[in-house]
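# Residue-level structure breakdown
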Amino acid sequence: MPNRRVAVTGLGAICAIGANAAEIWDSLRTGRPGIGPLTLVDTAGLRMVNAAEVHGYDPAIHFTPSQIDHLDRFAQFALIAAREAIQDSGVAWTDELRERAAIVTGSGIGGQSTQDAGFQDVYMRGRDRVHPLTIPRTMANAGASHISMEFGLKGPAFTLSTACSSSNHAIGLAMQLIRSGGAEIAIAGGSEAPLSFGMLKAWDAMRVIAPDTCRPFSRDRRGMILGEGAGMLVLEPLYAARARGAHIYAELAGAGMSADAHHITQPASAGPVRAIRAALADAGMQPEQIGYINAHGTGTIGNDATETRAIREVFGAAAEKVAVTSTKSMHGHALGAAGAIEAVATLLAMKHGILPPTANFTARDPECDLDYVPNTARPARVEAALSNSFAFGGLNAVLAFHAL
Amino acid sequence: MADILEEKVFSTLASVKHIPQEKITIDSSLADLGFDSLDTISLLFELENAFQISIPDERARSIRTVREIVEGVRALKNGNSLKPSSPG
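Here the structure is a predicted model, which is why all the values come from computation and not from measurement.

## Focus: the overall build of chain B
Per the secondary structure count, chain B includes four helices and zero strands. Starting at the N terminus and ending at the C terminus, chain B contains elements arranged as α-α-α-α. In chain B, buried positions account for 43% of the 88 residues. Within chain B, residue pairs in contact and separated by at least 24 positions form 51% of the contacts whose partners lie at least 6 positions apart.

Here it is as C-alpha cells:
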C-alpha cells in the first residue's frame, strides 16, 4: 500500500458564531462571542440563563417540510455542515468513490430534544402515545444516515459517542480508515443540539454552567456555556487530493487517544498528557513544532488548570512558546460537536495565519500560566497545531494537523 | 359530497405528507399519494390525535386507500367492533 497520509480538503460548520465556515471565521478572527440569553426554551425554572445558540436558525432555508419531519435539530446541523464540507472539497463523485466513502460522526446525546418532547407528551401532558418518528429522529446515527442518503455514500458509516470528545474520536477513526485503505474518502465530524429543557435541567444539576459567560483560563471563570452546532471535514489520501488538484487545508498528521481510568467527571492531567503525547508520536512531531493548540478549555475551574498542567508536562520549555486558545469562549461548548467545530477553527487559523483569541478573558490565574492570546486575534503562521478534547468519563482525543 | 369527518381525514393526509389537499380523492391509495411505511405510521398517529381514537395494529396494517381510512375512522368513532374488515 502506498504511504497514505491524510489531507483535509473540505470543511463545513454551523454554530453560535456563524451559519457557515466563512461566517465562523469572521467571528473567530474578530474575537466575537455568540453567547447570549437562552431563547430556545423557557428559562423559568432553570438556573442557567445563557447559552451559545445557533442564532436566527430557520430549518426551512435548508430543508423541505418532509425532511424537517424526519430530522432532529442535531441531524439538521450534521447535514448542513456535511453539505458545506463536501461542496468545499470540490470532490467529483463517481459510483466507485461513493462505495468507498466513509462517514464517521460523533454525537454525545443524539436527538435528545426529540426524545425530550416525546417524554413531555407522555409524562406531563398525560398523552398515551409519542410521535412515531421519535425513534428515527432520536437515534444518534441519524446524522450519518442522512448524510449517506443525501449523497449516496455507501462505504463504512457509523456514529460514536464519547461525550465531549465524540468529534475528535470520530475524526481520528476516519483518519485511520483512510490510512488503512478502509475508505478512499471520509466525511468526519460531529453534531449536537442539547438545548432542550430536560437536558438543561440535567446540566443545571451538574453545577458546571457559568451564570454569565465562558471565560476559559481566566481567574474569574465560573464554568462552561452550553452550545450547539456541527462541524464536518472531508478527508482524503494526500496523494489523491494532490492528484485531483484539490485545495488542501492541512495534513491530518496524527491522532492520540487515551482514557483517564480515574473518575467519571473529575479531570486529571495524566490522561490528557498521554493523549497529547500519542498524537505527537502518531504524527511524528516534536512539541517544538506546534505553534498553536486549540484547547479543550471549557471554562470550568477544574478543566482549565488541569489542561494547563498537561500541556506543561508534555511541552516542557516549549510550553512558553505555544499559543493556547479556547474558542469555546465564543461558540460555547457544543459537547459532541465541539471537537469538529474546533478542528474547523484550527484549520482556518492555519489557512489564514491568524490565531483566534480566548475571548472574555479578564485576569490571569496563577494556575493557568500559558499564552492564551487574550481577547484579540494574533497574526501567526504555524507549522503545526493540536486540537484537544477531554470528555466526561475521562476519555481523551487529540488531533494533530501539519501545514503543507 | 365530503362530510366533516372525510374533510378532516383529507386535511390530515395533506398535512402529514405536505401535499395539497386537492390531490386527495376518496379513491386515492396511500401509495398513489406517495406514503411510505414511515409516512403511514405518522398518519396513524395524527389520525388518532385528530379523532381521539385508538387504531389497533391489525387494522392499521390493512389500510391501503383513503376510503378505507375514512370508513375505519368512522367505525371507530361510532364505537363499532375493532375487528378488521373481512379478511382477504
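The discussion continues.
## Notes on the side chain of Lys17 of chain B
With respect to the helices and strands, Lys17 of chain B occurs in helix α1 (residues 4-17). Taking relative accessible area as the criterion, Lys17 of chain B reaches 19% and is therefore assigned buried.

## A short note on helix α2 (residues 37-51) of chain B
Taking 1.5 Å as the rise per residue, α2 of chain B with 15 residues should run 21 Å; its terminal C-alpha atoms sit 21 Å apart, in good agreement. Listed as buried for α2 of chain B are Asp39, Thr40, Ser42, Leu43, Leu44, Phe45, Leu47, Glu48 and Phe51 of chain B. Those residues of α2 of chain B that are buried are in contact with α2 (65-70) of chain A together with α1, α3 (57-61) and α4 (66-77) of chain B. Count one or two residues on from α2 of chain B and you reach Gln52 of chain B, which has phi positive near 55 degrees.

## A closer look at the interface of chain A and chain B
Opposite the ten residues of chain A that make contact, chain B presents 13 residues. The contact between chain A and chain B buries some 890 Å² in all, and 58% of this surface belongs to carbon and sulfur atoms. When the buried area of chain A at its contact with chain B is split by residue, Arg129, His131 and Pro132 of chain A rank highest and sum to 54% of it. The tally of links from chain A across to chain B stands at one salt bridge. In this structure, the salt-bridge partner of Glu48 of chain B is Arg129 of chain A, at a minimum N-O distance of 2.9 Å. Linking chain A to chain B there are five residue pairs in polar contact (both at pLDDT 80 or more). Here the side of chain A that touches chain B gets four residues from one element, more than from any other, and that element is α2 of chain A. Of the residues contributing to the side of chain A that touches chain B, the split by class is five nonpolar, three polar and two charged.

## A few points about the side chain of Asp116 of chain A
All names here are of chain A. As for its placement among the helices and strands, Asp116 is situated in helix α5 (residues 112-124). Among buried charged residues, Asp116 stands out as having no salt bridge; its nearest opposite-charge side chain is Arg125, 9.2 Å away. Contacts of Asp116, omitting those with residues within four sequence positions, involve Ser196, Phe197, Gly198 and Met199.

## Brief notes about the confidence of the model for chain B
All names here are of chain B. When pLDDT is averaged along chain B, the result is 88; 88% of the residues meet or exceed 70. When mean pLDDT is taken per element in chain B, α1 scores highest with 96 and α3 scores lowest with 84. The low-confidence segment residues 81-88, where pLDDT is below 50, has seven contacts with residues more than four positions distant or belonging to other chains. Reported confidence for the predicted complex is 0.76 by ipTM and 0.94 by pTM.

## Describing the pairing of strand β9 (residues 290-294) of chain A
Residue and element names in this part refer to chain A. The buried count for β9 comes to five of five residues, which makes it a mostly enclosed element. With three bridges connecting them, β9 and strand β10 (residues 323-325) associate as parallel partners. By the bridge assignment, Ile293 is partnered in β10 with Val324. Since β9 and β10 lie parallel, the crossover through helix α12 (residues 301-315) that links them has a hand, and here it is right-handed.

## Here we look at the pairing of strand β7 (residues 229-237) of chain A
Residues and elements named next belong to chain A. Burial within β7 is extensive, with nine of its nine residues counted as buried. Across nine bridges, the pairing between strand β1 (residues 6-15) and β7 is antiparallel. Counterpart to Ile14 in the pairing with β7 is Ala230. Strand direction decides the pairing type here: strand β6 (residues 185-192) and β7, joined by seven bridges, are antiparallel. Within β7, the position partnered with Gly189 by the bridge is Met232.

## Details of a nonpolar patch on the surface
Nonpolar side chains collect at one region of the surface, where Phe119, Val122, Tyr123, Met124 and Val130 of chain A lie side by side and expose about 520 Å² of accessible area between them. Considering the arrangement of structural elements, one finds Val130 of chain A in the loop between α5 and α6 (134-138).

So, how was this worked out
Residues numbered from 1 in each chain as written. Chains lettered and ligands numbered in written order. Predicted model: local features only at pLDDT ≥ 70, side-chain atom pairs only at ≥ 80, totals over all residues. Heavy atoms only, no water. Helix = DSSP H or I, 4+ residues; strand = E, 2+ residues; numbered from the N terminus. Buried < 20%, exposed > 50% of the residue type's maximum accessible area, 1.4 Å probe, protein only. Contact = heavy atoms within 4.5 Å. Expected span 1.5 Å × (residues − 1). Buried area = accessible area lost by both parts, 1.4 Å probe. Salt bridge = Lys/Arg side-chain N within 4 Å of Asp/Glu carboxyl O. Polar contact = N/O pair within 3.5 Å; in protein donor to acceptor, adjacent residues only side chain to side chain. Nonpolar A, V, L, I, M, F, W, Y, C, P; charged D, E, K, R; others polar. Lys, Arg positive; Asp, Glu negative; His and termini not counted. pLDDT = per-residue confidence, 0-100. Pairing = 2+ DSSP bridges. Right-handed = clockwise from strand over helix to strand, strands pointing away. Patch = residues over 30% accessible without salt bridge, like charges linked within 9 Å, V, L, I, M, F, W, Y side chains within 5 Å. Areas by Shrake-Rupley, 256 points an atom, 1.4 Å probe, with all protein chains shown as cover.

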